[in-house]
Amino acid sequence: MTLKLGPIADDKPVKVSISIPAAVYRDLTAYAEAHAAATGQASQEPTKLIVPIIAQFMATDPGFIKAKRTRPDEK
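Since the structure is predicted, the reported quantities are computational estimates derived from the model, not experimental observations.

Please explain the environment of Ala9 as it appears in this structure.
Mapping Ala9 onto the fold places it in the segment before α1 (22–39). Overall, the relative accessible area of 64% leaves Ala9 in the exposed class. The sequence separation of Ala9 and Pro52 amounts to 43 residues, and the corresponding C-alpha distance is 8.5 Å.

Here it is in structure tokens:
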């Protein structure tokens with residue numbers, strides 16, 4: 001099985017609280033299990049997948065990539 005999400009990097013987190021629908025959490029839990037099987041890593045807590053999934057989404061969104069490339073540098 002091939003998933004878009006690769007191994008999870010261990011990075012210093014910034015705390016953010018969100019609420020998600022129960023159906024999304026169930027799918028996230030199922031994805032965590034599939035991810036563990038696909039990568040050979042131990043199963044991750046489903047919430048640990050949220051950030052890598054969002055990062056992967058943004059890294060492959062052509063509209064966001066173009067907008068990010070054309071925005072003026074912030075100082």
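Honestly, the layout of surface pockets in this entry has me stumped. Any pointers?
Space inside the largest pocket adds up to approximately 860 Å³. What lines the largest pocket is a set of 21 residues, and nearest its centre among them are Pro13, Val14, Thr47, Lys48 and Val51. No other element matches the four residues that helix α2 (residues 50–59) contributes to the lining of the largest pocket. When its residues are assigned to classes, the lining of the largest pocket shows 13 nonpolar, three polar and five charged.

In this structure, what is going on with the nonpolar core? I would like to understand it.
The biggest cluster of nonpolar side chains holds five residues, and these are Leu5, Ile8, Leu28, Ala32 and Leu49. The contacts of Leu49, once residues within four sequence positions are left out, are Leu5, Ile8, Leu28, Tyr31, Ala32, His35 and Gln44.

Would you mind showing me how to read a nonpolar patch on the surface here?
There is a patch of nonpolar side chains on the surface, built from Val14, Val16, Ile18, Ile20, Val24 and Tyr25 and spanning about 560 Å² of accessible area. With respect to the element layout, Val14 can be found in the segment before α1. By relative accessible area, Val14 is classed as exposed at 71%.

Calculation criteria
Residues numbered from 1 in each chain as written. Predicted model: local features only at pLDDT ≥ 70, side-chain atom pairs only at ≥ 80, totals over all residues. Heavy atoms only, no water. Helix = DSSP H or I, 4+ residues; strand = E, 2+ residues; numbered from the N terminus. Buried < 20%, exposed > 50% of the residue type's maximum accessible area, 1.4 Å probe, protein only. 1 Å grid on protein atoms, 1.4 Å probe; cavity = no way out; pocket = protein on both sides within 12 Å on 5 of 7 lines; lining within 4 Å. Points joined across faces, edges and corners; volume = space filled by probe spheres on them. Nonpolar A, V, L, I, M, F, W, Y, C, P; charged D, E, K, R; others polar. Core = buried A, V, L, I, M, F, W, Y, C linked by side-chain atoms within 4.5 Å. Contact = heavy atoms within 4.5 Å. Patch = residues over 30% accessible without salt bridge, like charges linked within 9 Å, V, L, I, M, F, W, Y side chains within 5 Å. Areas by Shrake-Rupley, 256 points an atom, 1.4 Å probe, with all protein chains shown as cover. Salt bridge = Lys/Arg side-chain N within 4 Å of Asp/Glu carboxyl O.

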